Structures are given as C-alpha cells and as structure tokens.
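These are the residues of each chain, in order.
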Amino acid sequence: MSENLIFETLEVLGEPAVRVQAADGAHATVLLHGAQVVSWVPAGGEEQLYLSPKAVAGEGKAVRGGVPVIFPQFELRGPDTSLPRHGFARTRRWTVESSRRDKDCALLTLVLDDSAETRAIWPHAFTLELTISVGAGRLDLELYAHNPGDSRWPFAAALHTYLGVSELSHVRLQGLEGCRYEDRVVGGETLEDHPEKRFHGEVDRIYAHTRDLLLRDGPRRLSIESAGFSDTVIWNPGPEKCAALPDMPAEGWQHMLCIEAAQVLKPVTLGPDEEWSGRQSFSLLAA
C-alpha cells in the first residue's frame with residue numbers, strides 16, 4: 001500500500017469505508033466491501049446516488065445501491081453461469097492501493113486480486129482496480145482488469161450505478177435513440193425510437209453501442225459518459241418487484257434509476273498479461 005494516503009476512514013452499514021474529498025469539498029464514500037461507491041456529493045450540492053435505507057452489508061452479501069462492481073459475469077447470463085449472480089467482485093473485501101489530491105480533484109484506487117477463495121469458484125489469476133475521481137460537479141469511475149496468469153478467460157463487467165432521482169416519473173433520459181436494445185421484461189430486441197425516454201415502472205434493458213447520455217430530473221442536468229464499455233443497462237424494479245425485495249422499501253423504486261456502463265452483450269477475453277479498462281463519468285451541468 002502506498003504511503004501518504006489521503007482519505008478519511010469511517011464505518012458504513014457496519015463495514016469499513018473510506019471517504020475522499022476534493023479541495024472544493026466534493027466527496028465520495030467507498031466501502032471496502034466490494035469497492036462499492038455508496039455516496040457522491042458534488043461541491044455545494046446534494047447526494048447524487050441512491051442507497052437503499054434497508055441496505056445490508058457483510059460477507060457474501062450484495063449492498064443495494066451506490067455503484068456495485070459487476071465481474072466476471074453479469075446477472076446469470078454468463079460467461080460463467082456456475083458463478084454467483086453478478087459474479088463475486090461486489091461481495092469481496094478490496095484494499096486501498098493509493099490516493100492523492102490535486103487542485104481539481106481527489107483520487108482513490110482500490111484493488112482486488114485472486115485468492116484461494118476466488119480460485120475455488122473461478123480458477124483464474126486476475127487483478128481488478130477501481131479508481132474513483134471526484135471534484136467540483138464530476139465523478140469518474142474507472143474499472144481496470146489484468147490477466148497475470150497463463151490461461152485465457154472471458155468476462156463480463158458493469159458499474160451497476162444507482163442514481164437517486166426526485167421521482168421516477170419526472171426523469172427524462174436522452175441519448176438512446178437509434179440504439180438497439182434487448183428488453184428483459186417483455187422479451188425480444190428492437191431499436192429505440194424515442195429521443196427522450198420516460199419511465200413509469202419496471203424497466204430492464206440492455207442497450208448496445210450507446211453514446212453519451214443526458215439525464216433530466218427537474219432542474220437537475222446530469223451528463224453521463226462512458227468509454228471502454230460498449231453497452232448501457234437501464235434498470236428499475238418497478239412497484240411489484242421492489243415490494244418483494246427485502247433490502248428495499250416498497251416505495252424505493254420511485255427514487256432511483258440504474259444507468260449502468262456495461263460490457264455484457266459481447267464479453268471480453270483476456271489472454272496472458274492482457275488488460276482492459278472501462279470508465280463511466282458523471283458531470284452536473286448548469287440548469
């Protein structure tokens with residue numbers, strides 16, 4: 001671990017966490033459990049992420065909200081269906097590798113390496129890093145994967161970002177028009193023909209080859225960019241499925257929308273000493 005680390009240690013959901021703060025006061029809070037960002041507050045602004053008030057953490061448990069790190073598979077679709085749902089990275093203890101602060105932002109990098117426990121369910125050597133950069137009205141998340149072993153392995157990955165919203169019916173999302181998507185609620189694939197998406201309940205779609213997005217929520221304008229990830233997953237459980245989730249309040253679906261940078265439809269394969277990275281960035285724009 002690097003010396004001169006710059007962060008505050010605290011406890012969230014009974015788990016150790018760290019908070020990094022930029023010179024302007026913008027800050028992010030990250031659980032060591034899963035390297036999960038659970039809070040992002042821009043300078044002079046309000047919380048931008050959704051963390052369920054009923055969320056729980058602990059060994060083997062996934063935390064409902066924030067930004068879970070999905071690796072090496074997405075949901076139960078593969079590429080290795082023998083693994084737990086959404087893989088194992090989100091339920092493992094990561095370690096802080098480095099941190100620094102400059103005049104514009106603060107950065108924190110956490111790392112997860114293979115272990116006897118991971119090799120027992122997925123027999124591959126790997127290194128994952130998540131770097132969080134926060135400052136002013138911007139949050140950047142970069143996921144890096146490296147294969148230090150001598151075998152090839154495929155993986156899927158996602159940053160399962162839960163954005164907080166004032167009311168789901170107030171949200172407008174621009175930038176998906178013309179993108180083909182897989183609809184996991186009604187089935188089938190089709191082309192998005194709406195320049196501005198509106199939401200009224202359950203949605204579960206995987207959009208391919210997406211571009212930059214803009215979320216409008218009343219006066220709030222949030223620009224969403226990604227690089228390295230070819231897909232975007234849009235998810236909300238809707239009222240019925242939300243009511244069945246033990247770690248969500250019944251009305252929680254109305255105050256969140258997952259907009260996930262993802263590599264799902266075409267998993268990546270890394271050979272020996274090969275690497276991959278993907279980034280998702282959020283910027284608050286002037287109203």
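Scroll up for the structure.
Residues numbered from 1 in each chain as written. Predicted model: local features only at pLDDT ≥ 70, side-chain atom pairs only at ≥ 80, totals over all residues. Heavy atoms only, no water.

Time to look at the pairing of strand S21 (residues 275-285). Bridging between strand S9 (residues 138-146) and S21 involves 9 bridges; their strand directions are antiparallel. Its bridge partner lying in S21, Asp140 is registered against Ser281. (Pairing = 2+ DSSP bridges. Helix = DSSP H or I, 4+ residues; strand = E, 2+ residues; numbered from the N terminus.)

Looking now at the sheet that holds strand S4 (residues 37-41). Within the open sheet, the 4 strands sit side by side as S1-S2-S3-S4. Their pairing is antiparallel. Taken across any chain shown, the strands that pair with only one partner, and hence form the sheet edges, are strand S1 (8-12) and S4. With direction set aside, neighbouring strand axes in the sheet form an average angle of 25°. Note that S1 and strand S2 (residues 15-21) share 5 bridges and pair antiparallel. Counterpart to Val12 in the pairing with S2 is Glu15. (Axes fitted to C-alpha atoms, helices over the stretch in contact; angles between N-to-C directions.)

Taken together, the 9 strands give an open sheet; going across it, the order is S6-S7-S8-S9-S21-S18-S17-S12-S15, and neighbouring strands pair in antiparallel fashion. Only two strands of the sheet have a single neighbouring strand rather than two, namely strand S6 (95-101) and strand S15 (196-198). Adjacent strand axes in the sheet meet at a mean angle of 15° when their direction is disregarded. Where S6 and strand S7 (residues 106-113) come together, 6 bridges link them in antiparallel fashion. Bridge assignment links Thr95 to a residue of S7, and that residue is Val111.

Applying the stated criterion across every chain yields a total of 0 disulfides. Free of any disulfide, Cys179 has its nearest cysteine sulfur in Cys258, 19 Å distant. Unpaired in this structure, Cys242 has its nearest cysteine sulfur neighbour in Cys258, at a distance of 11 Å. Overall, the relative accessible area of 0% leaves Cys242 in the buried class. (Disulfide = S-S within 2.5 Å. Buried < 20%, exposed > 50% of the residue type's maximum accessible area, 1.4 Å probe, protein only.)

Of all the 15 residues making up strand S20 (residues 256-270), 11 are buried; the element is thus mostly covered by neighbouring parts of the structure. Alignment of strand S10 (residues 153-159) against S20, held across 6 bridges, turns out to be antiparallel. Within S20, the residue paired with Leu159 across the bridge is Ala261. In the sheet, strand S11 (residues 162-164) pairs with S20 via 3 bridges, with the strands oriented antiparallel. Residue pairing across strands places Gly164 opposite Met256, the latter belonging to S20.

Relative to the helices and strands, Ser133 resides in strand S8 (residues 127-135). Among the residues examined, Ser133 registers a relative accessible area of 13% and is labelled buried. Ignoring sequence-local partners within four residues, the contact set of Ser133 consists of Cys105, Ala106, Leu107, Arg138, Leu139 and Asp140. (Contact = heavy atoms within 4.5 Å.)

Before going further, it helps to examine unusual backbone geometry. With an omega of 0°, the peptide bond between Phe71 and Pro72 qualifies as cis. Its location among the elements puts Pro72 in the loop between strand S5 (69-70) and S6. Even without glycine at this site, Glu75 takes up a positive phi of about 50°. Its location among the elements puts Glu75 in the loop between S5 and S6.

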